[in-house]
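# An overview of the molecular structure
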Amino acid sequence: MRKIAVNGRVFEIAVAVFDKDGLLFDSRAFWCGLAQARLDAALRYLAEETVLEWLAVMDVRAGKDADGKLRVEEVKPDGVTAVASPDEEVMITAAFLLQRLYHDWPKSRETAREIFAEGDRRLDLEKAIAPRAGFPGIFRRLREAGIPYGIATSDDLQRAEKSVGMYDDFEKLDFVITPRDVKRNKPAPDMLELVAKRYAVEGRQILMVGDSYVDMMMADAAGAVGIGIPEFTHMERRMRPYAAALAKTLDDIVILKE
C-alpha cells in the first residue's frame, strides 16, 4: 500500500487504473480524427445523405469544407463515438443500416464491420493523438514507486498499444483491460472488479483515474477511489457526485514518500 495525495486529500492505494482517451490523450483530436476516418470509409459504401444520418446517430456533427467535402466538425464528448466500445459502435451502426437501408441483418452487420475496419486502417494515430499534461510522467512515477498500474479503456487493445507506445513503453504496463475482457463495459464495475481479483485487493485500494463521468460511476460502483480529471466543464458537473476528488492534470496526483 502506498499513499497518494490529490488536492490535499490523501488515499491509500495498492494499484492504479487509468482511462485512455480524454485522460492520457487529448480527446478532441482523437475523436475527430477517428470519426473522419470512419466518415471517409463510409462514403465508399453509403450515399452522402445516409452517411450524414449515420453520423448523427453516432453523435458526430459534420459539414462541408470549401471544396464540398464532408468534414467532421464536432464529436459529442459523452456521445456514442466517445463512450461506446468498438463492438457496440459496430452493432449500433448495423442496426441503423438494417432500419435505414438493407433490411437484412447479415448484410447490415457485415457492412458495418467493413466500414469500421477500413476506418481503423485509414486512421493516422500520429496525427490524431496528443498527450495531455502529466502523461507519460505519471506512469514513470508509479514505476519508480513500485505501484502496479494499467489501463481500463472502452477502446480496443491494438489501438491502446499503439497510442501508449508512441510516448511510453507499453510493455511496462501491468495490465490493459478492454470491453472484451469483461461481461459489462463502463460504467458497470466489472473492469475494476477484475483488477481487484487479479491483485487480491479490495475496491477501496484501487485508484481509478478518468476524464468521464462513466469512469467515476464505475469507480463508485466498485468502491474504488475515483479521481476525475475532466476536459469539459459539463463533464465535471456530471462526475462530481461519483468522484472522491477532482484534479486539473495528472501532475496533481502526488505519490507521497514512505
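In this report, we go over the structure that sits alongside the text. (Residues numbered from 1 in each chain as written. Predicted model: local features only at pLDDT ≥ 70, side-chain atom pairs only at ≥ 80, totals over all residues. Heavy atoms only, no water.)

## Regarding the overall build of the protein
Our working definition: By the criteria applied, helices consist of DSSP H or I runs no shorter than four residues and strands consist of E runs no shorter than two, each listed in order from the N terminus. Computation of the radius of gyration draws on C-alpha atoms alone. For the globule rule, the value is 2.2 Å times the number of residues to the power 0.38. Burial classes: relative accessible area under 20% of the type maximum marks a residue as buried, over 50% as exposed, and values in between as partly exposed (1.4 Å probe, protein chains only). What makes two residues a contact is simply this: any of their non-hydrogen atoms within 4.5 Å. Per-residue accessibility takes into account occlusion by the displayed protein chains alone, with areas from the Shrake-Rupley method and a 1.4 Å probe. We score Asp and Glu as negative and Lys and Arg as positive, and we do not count His or the chain ends. Throughout, a charge is located at the NZ atom of Lys, the CZ atom of Arg, the CG atom of Asp or the CD atom of Glu.
Secondary structure summary: the protein contains 11 helices and 11 strands in total. For the protein, whose C-alpha radius of gyration is 19 Å, the value lies close to the compact-globule estimate of 18 Å for 258 residues. Its C-alpha atoms give the protein principal-axis dimensions of about 60 × 40 × 35 Å. When burial is assessed residue by residue, the protein has 54% of its 258 residues classed as buried. If you take every contact in the protein between residues at least 6 apart in sequence, the share linking residues at least 24 apart comes to 63%. Only carbon and sulfur atoms are counted for the fraction: they give 47% of the accessible area of the protein, which is about 12000 Å². Charged side chains in the protein number 38 positive and 44 negative. The centres of these two groups are separated by 2 Å.

## A short note on the packing of aromatic side chains
Definition in use: To pair, rings of Phe, Tyr and Trp, with the six-membered ring standing in for Trp, must have centres within 6.5 Å; the planes then decide the type, stacked if under 30 degrees apart, edge-to-face if over 60, and tilted in the middle. Should the NZ of a Lys or the CZ of an Arg lie within 6 Å of a ring centre and within 35 degrees of the ring normal, that charge is described as sitting over the ring.
By the definition in use, this model includes 8 aromatic pairs. Between phenylalanine 25 and tyrosine 167, the aromatic rings sit 5.9 Å apart at their centres with planes inclined by 50 degrees, giving tilted as the arrangement. Note that phenylalanine 25 is positioned in the loop between β3 (15-18) and α1 (27-42) and tyrosine 167 in the loop between α8 (157-165) and β7 (175-177), a separation of 142 residues in sequence. Of the residues examined, tyrosine 167 reaches a relative accessible area of 27% and is grouped as partly exposed. A cation over a ring is seen here: lysine 20 above phenylalanine 30, with NZ or CZ 5.1 Å from the ring centre.

## Description of the environment of threonine 233
If you trace the backbone, threonine 233 turns up in helix α11 (residues 233-239). In this structure threonine 233 comes out as exposed when scored by relative accessible area, which is 57%. Placed 65 residues apart in sequence, threonine 233 and aspartate 168 show a C-alpha to C-alpha distance of 29 Å.

## Notes on the sheet that holds strand β11 (residues 253-255)
Defined as follows: Strands pair, by our definition, only if DSSP identifies at least two bridges between them. Interaxial angle, 0 to 180 degrees, is taken between N-to-C directions of lines fitted to C-alpha atoms, where a helix line uses only the stretch in contact.
One open sheet accounts for 3 strands, arranged β2-β1-β11; its pairing is antiparallel. Of all the strands in the sheet, just β2 (9-13) and β11 have a single pairing partner and so form its edges. Recorded for the sheet is a direction-independent mean angle of 30 degrees between the axes of neighbouring strands. Sheet topology places strand β1 (residues 2-6) next to β11; 3 bridges connect them, and they run antiparallel. Following the sheet pairing, valine 6 is matched in β11 by isoleucine 253. Docked against the sheet, helix α7 (residues 137-145) engages β1 and β11, running at close to 20 degrees with respect to β11.

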